[in-house]
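# Tertiary structure, described
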Amino acid sequence: MNKGNVFISGASRGIGRDIAIHFANNGYKVVGTSRKNFDFDEDLNNLFPIKLDITNRDDIKDCFTELKSNDLLPSILINNAGITSDQIFLRMKDEEWDSVIETNLTGTFNLSKIFIKNMIKNKSGRIINISSVSGLMGNPGQVNYSSSKAALNGFTKSLAKEVGSRNITVNSVAPGYIETDMTAFLDNKSKEKIIKNIPLGRFGNVKDISKMVMFLASDEASYITGQTISVDGGLLMY
Ligand SMILES: NC(=O)c1ccc[n+]([C@@H]2O[C@H](COP(=O)([O-])OP(=O)(O)OC[C@H]3O[C@@H](n4cnc5c(N)ncnc54)[C@H](OP(=O)(O)O)[C@@H]3O)[C@@H](O)[C@H]2O)c1
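Residues numbered from 1 in each chain as written. Predicted model: local features only at pLDDT ≥ 70, side-chain atom pairs only at ≥ 80, totals over all residues.

## Focus: helix 2 (residues 57-69)
The terminal C-alpha atoms of helix 2, which comprises 13 residues, lie 19 Å apart, in line with the 18 Å expected from a rise of 1.5 Å per residue. Remark: D71 follows helix 2 within two positions and exhibits a positive phi of approximately 55 degrees. (Helix = DSSP H or I, 4+ residues; strand = E, 2+ residues; numbered from the N terminus. Expected span 1.5 Å × (residues − 1).)

Here it is in structure tokens:
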């Protein structure tokens, strides 16, 4: 039985790939995107990898039409795709700023805008944005990335207020340091320095994020909206 349709951006690797497989294993039909053709290499017939750049609005429109005709419009949208382009502010190039904002923030706008209409019609839906601890506490070399992620938290709150009456929840998950390609550039010395500030004493695993996303998508989380929930081993505490 199909428990619902999920659409997740940035599903070819890392956190997004794990979330997609986690939902598919739990009986959802999952469409996952990446800028390149990819495969999940899983023995599941409810996982659909598609090539879609979330910054390309024409391609998003075509994708919407295709999903609609295949009865795959999502009741759960997970805005996960994100990029970094780190640079100290004085040296940050315009394209380093633009590309990060366009993918992390505008990409989330593009997908939410097109998919929310059907959720409003059905008076039911979940939007889960993958933010970052960097958007909450800042990080040197990440003015572009932190700004995009902080903006996602504001996006989450405002949209949650607009669509709460339609039984749609909108939340963010703010991961700390998770072992993926995005953090693979860190050498052991830098990792040790970071770990000293993480009370749980380790980087997170992709599963730590998937489980939180699954919870937010579930009926158990039906009274939670507009929140940014940190999953960071205690790195940031208010
Ligand atoms: N890893 C961490 O420590 C960490 C911490 C905090 C927050 N996060 C956030 O968690 C999310 C996932 O991170 P990750 O570590 O799993 O990153 P990752 O391993 O670099 O994977 C990023 C995914 O996004 C896709 N992507 C990038 N730009 C895209 C676009 N324009 N259109 C469609 N897909 C696109 C990538 O595929 P292609 O390159 O093939 O397009 C890939 O599938 C991101 O939003 C990131 O900011 C990660």
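## Here's the deal with helix 7 (residues 206-217)
When the terminal C-alpha atoms of helix 7 are compared, their 17 Å separation across 12 residues agrees well with the 16 Å that a helix rising 1.5 Å per residue should span. Within the span of helix 7, buried status applies to V206, D208, I209, S210, M212, V213, L216 and A217. Where helix 7 is buried, its residues contact helix 1 (14-25), strand 4 (76-79), strand 5 (125-130), strand 6 (168-175) and strand 7 (228-231). (Buried ≥ 20, exposed ≤ 12 C-beta atoms within 10 Å, placed from the backbone. Contact = placed C-beta atoms within 7 Å.)

## A closer look at the environment of G10
Its location among the elements puts G10 in the loop between strand 1 (5-8) and helix 1. By the C-beta count within 10 Å, which is 25 here, G10 ends up buried. Sequence separation between G10 and I114 is 104 residues; the distance between their C-alpha atoms is 17 Å.

## Description of the site of the ligand
Inspection of the region around the ligand gives 30 residues, with G10, G14, R35, G82 and T180 positioned closest. Breaking the shell around the ligand down by element, the ones donating at least two residues are helix 1, strand 2 (29-34) and helix 3 (94-122). Across the shell around the ligand, the residue classes tally to 10 nonpolar, 15 polar and five charged. (Near = placed C-beta within 6 Å. Nonpolar A, V, L, I, M, F, W, Y, C, P; charged D, E, K, R; others polar.)

## Thoughts on the confidence of the model for the chain
Summary statistics for the chain give a mean pLDDT of 98 and a share of 100% for residues scoring 70 or more. Highest mean pLDDT in the chain belongs to strand 4 (99); lowest belongs to helix 6 (residues 188-195) (96). (pLDDT = per-residue confidence, 0-100.)

## Topic: unusual backbone geometry
One non-glycine residue with positive phi stands out, namely D41, at about 50 degrees. Summarising the element assignment, D41 is placed in the loop between strand 2 and strand 3 (47-51). Under the C-beta neighbour-count criterion, D41 is labelled exposed, with 9 such atoms within 10 Å. In this structure, N167 is a non-glycine residue whose phi angle is positive, near 65 degrees.

## Some remarks on the sheet that holds strand 6
Pairing within the open sheet is parallel, and its seven strands lie in the order 3-2-1-4-5-6-7. The sheet is open, and its two borders are formed by strand 3 and strand 7, each paired with just one other strand. Taken pair by pair, the neighbouring strands of this sheet meet at an average axis angle of 20 degrees, ignoring direction. Across five bridges, the pairing between strand 2 and strand 3 is parallel. Its bridge partner lying in strand 3, V30 is registered against L47. (Pairing = 2+ DSSP bridges. Axes fitted to C-alpha atoms, helices over the stretch in contact; angles between N-to-C directions.)

## Concerning the packing of helix 2 against helix 3
Here helix 2 crosses helix 3 at 30 degrees, and the two axes come no closer than 11 Å. Relative to helix 3, the element helix 2 is oriented roughly parallel. By crossing handedness, the relation of helix 2 to helix 3 is classed as right-handed. Together, R57, I60 and F64 of helix 2 and N110, L111 and I114 of helix 3 make up the contact between the two elements. Here the contact of helix 2 with helix 3 is built from residues that sort into four nonpolar, one polar and one charged. (Parallel < 35°, antiparallel > 145°, perpendicular 65-115°, else oblique. Left-handed = near helix turned anticlockwise from the far one by under 90°.)

## Looking at the nonpolar core
Grouped together as the largest cluster of nonpolar side chains are 51 residues, with contacts concentrated most on A20, V30 and V213. A20 has contacts with I8, A11, V30, G32, F40 and L47, leaving out every residue within four places of it along the chain. (Core = buried A, V, L, I, M, F, W, Y, C linked by C-beta atoms within 7 Å.)

## Examining the environment of T183
For T183, the location among the structural elements is in the loop between strand 6 and helix 6. The spatial distance from the C-alpha of T183 to the C-alpha of F203 is 9.7 Å, given a sequence separation of 20 residues. If we skip the residues at most four places from it in the chain, T183 touches Y177, I178 and F203.

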